[in-house]
Amino acid sequence: MERTDLADMGSLDLEQFRPYVSGFYTEFFWSQPGVEHYRLLVHFSTYFDGATFIDLGTSHGCSALALSYNLANRVISYDVEDLKECPIELPNIEFRVKNALEDSAELLASPLILLDTYHDGVFEQEVYDFLTQNCYKGLLLLDDIFVNTAMREFWDGISHTKIDLTMCGHWSGTGLVVFDMENDTLRNSSILTPGGA
Ligand SMILES: C[S@@+](CC[C@H](N)C(=O)[O-])C[C@H]1O[C@@H](n2cnc3c(N)ncnc32)[C@H](O)[C@@H]1O
């Protein structure tokens, strides 16, 4: 799939997802970059073909939907309980109700992991430490990095290359951790230079 242009994300047609967007997400899913992060997730999905993305924190499934935009990729979405209000049966999304850290091979093989869970800094640190200790080479996209003190401290404590994408992500803070700066997929792209998109 051709990469979308970040500058055009606001006008991208996401109507194919409307039957699956439920609850209060019907208000947020369509929001502009800088307000909500879903269009940024769609944009990220167009940087990859044949990848399996990991979505940590399914809730109603909206982040999984956005990451599934490029049908050439697959999404595995994890939650500790099934909170979806309507069934989402799409060929490139698999939902798993379990602790994602049990699926370590899938996590370490994924080029892009979205982490958006309880935002108390504890699980976030656990995932970050797991990836660091296992020499993860991909990208970790964090939602809500400025939503509370615990998340700010977690974000501040990250020692890898990190980029604040809030201006084109979620108003509550979106951060990208680049575990491997030799990652050619994004190294020279506008996504690593927010504001230059
Ligand atoms: C903010 S919501 C996720 C929203 C979703 N990513 C989106 O943007 O559409 C957080 C979700 O993380 C789930 N969660 C909490 N701890 C988790 C864990 N350890 N593993 C997976 N999911 C978890 C919660 O049950 C909740 O549904």
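As the structure is a prediction and not an experimental result, all values here were calculated from the model.

Quick look at the environment of Ser-22
Line of reasoning, step 1. Tracing the backbone through its elements, the reader meets Ser-22 in the segment before α1 (25-28).
Line of reasoning, step 2. Overall, Ser-22 belongs to the partly exposed group, with 17 C-beta atoms counted inside 10 Å.
Line of reasoning, step 3. For the pair Ser-22 and Phe-44, spaced 22 residues apart in sequence, the C-alpha separation works out to 23 Å.
Line of reasoning, step 4. When residues no more than four places from it in sequence are discounted, the contact partners of Ser-22 are His-60, Glu-85 and Cys-86.

Section: the nonpolar core
In globular proteins that are soluble, nonpolar side chains generally tend to be buried together.
Line of reasoning, step 1. In this structure, Leu-41, Leu-56, Ala-66, Ile-113, Leu-140 and Leu-141 are the most contacted members of the largest nonpolar core, which totals 46 residues.
Line of reasoning, step 2. Excluding anything up to four places from it in sequence, Leu-56 contacts Tyr-78, Ala-100, Ile-113, Leu-114, Leu-115, Asp-116, Thr-117 and Val-127.

A few points about the pairing of strand β7 (residues 174-178)
Line of reasoning, step 1. In terms of burial, β7 is largely enclosed, as 4 of its 5 residues are buried.
Line of reasoning, step 2. Here strand β5 (residues 139-143) runs beside β7; their pairing, made up of 5 bridges, is antiparallel. When the sheet's bridge partners are listed, Leu-140 is paired in β7 with Val-177.
Line of reasoning, step 3. Sheet analysis places strand β6 (residues 161-164) next to β7, joined by 4 bridges and oriented antiparallel. Bridged to Ile-163 within β7 is Leu-176.

Description of the site of the ligand
Line of reasoning, step 1. Close to the ligand lie 17 residues, the nearest being Gly-57, Ser-59, Cys-62, Ser-63 and Thr-117.
Line of reasoning, step 2. For the shell around the ligand, the secondary structure elements donating two or more residues are α3 (62-67) and β2 (74-79).
Line of reasoning, step 3. Partitioned by chemical class, the residues of the shell around the ligand number 8 nonpolar, 6 polar and 3 charged.

Focus: the sheet that holds strand β3 (residues 93-97)
Through backbone hydrogen bonds, the strands of a sheet pair up, either in parallel or in antiparallel fashion.
Line of reasoning, step 1. As summarised here, the arrangement of the 7 strands in space is β3-β2-β1-β4-β5-β7-β6, forming an open sheet in which the pairing is mixed. Sheet topology places β3 and β6 at the edges, where each strand pairs with a single neighbour. This sheet shows a mean twist of 20 degrees between the axes of neighbouring strands, independent of strand direction.
Line of reasoning, step 2. Across 5 bridges, β2 lies against β3 in parallel orientation. Bridge pairing in β3 places Val-75 opposite Ile-93.

Details of helix α2 (residues 38-45)
Line of reasoning, step 1. Counting buried residues in α2 gives 8 out of 8 residues, a clear majority hidden from the surface.
Line of reasoning, step 2. For α2, the secondary structure elements touched by its buried residues are α3, β4 (112-115) and β7.

Here's the deal with unusual backbone geometry
Line of reasoning, step 1. One non-glycine residue with positive phi stands out, namely His-119, at about 60 degrees.
Line of reasoning, step 2. Mapped onto the secondary structure, His-119 falls in the loop between β4 and α5 (122-133).
Line of reasoning, step 3. The exposure class assigned to His-119 is buried, which follows from the 21 C-beta atoms found within 10 Å.
Line of reasoning, step 4. With phi around 65 degrees, Asp-144 is a residue other than glycine that occupies positive phi space.
Line of reasoning, step 5. Within the fold, Asp-144 resides in the loop between β5 and α6 (149-156).
Line of reasoning, step 6. The class of Asp-144 is buried, set by 23 C-beta atoms lying within 10 Å.

Calculation rules
Residues numbered from 1 in each chain as written. Predicted model: local features only at pLDDT ≥ 70, side-chain atom pairs only at ≥ 80, totals over all residues. Helix = DSSP H or I, 4+ residues; strand = E, 2+ residues; numbered from the N terminus. Buried ≥ 20, exposed ≤ 12 C-beta atoms within 10 Å, placed from the backbone. Contact = placed C-beta atoms within 7 Å. Core = buried A, V, L, I, M, F, W, Y, C linked by C-beta atoms within 7 Å. Pairing = 2+ DSSP bridges. Near = placed C-beta within 6 Å. Nonpolar A, V, L, I, M, F, W, Y, C, P; charged D, E, K, R; others polar. Axes fitted to C-alpha atoms, helices over the stretch in contact; angles between N-to-C directions.

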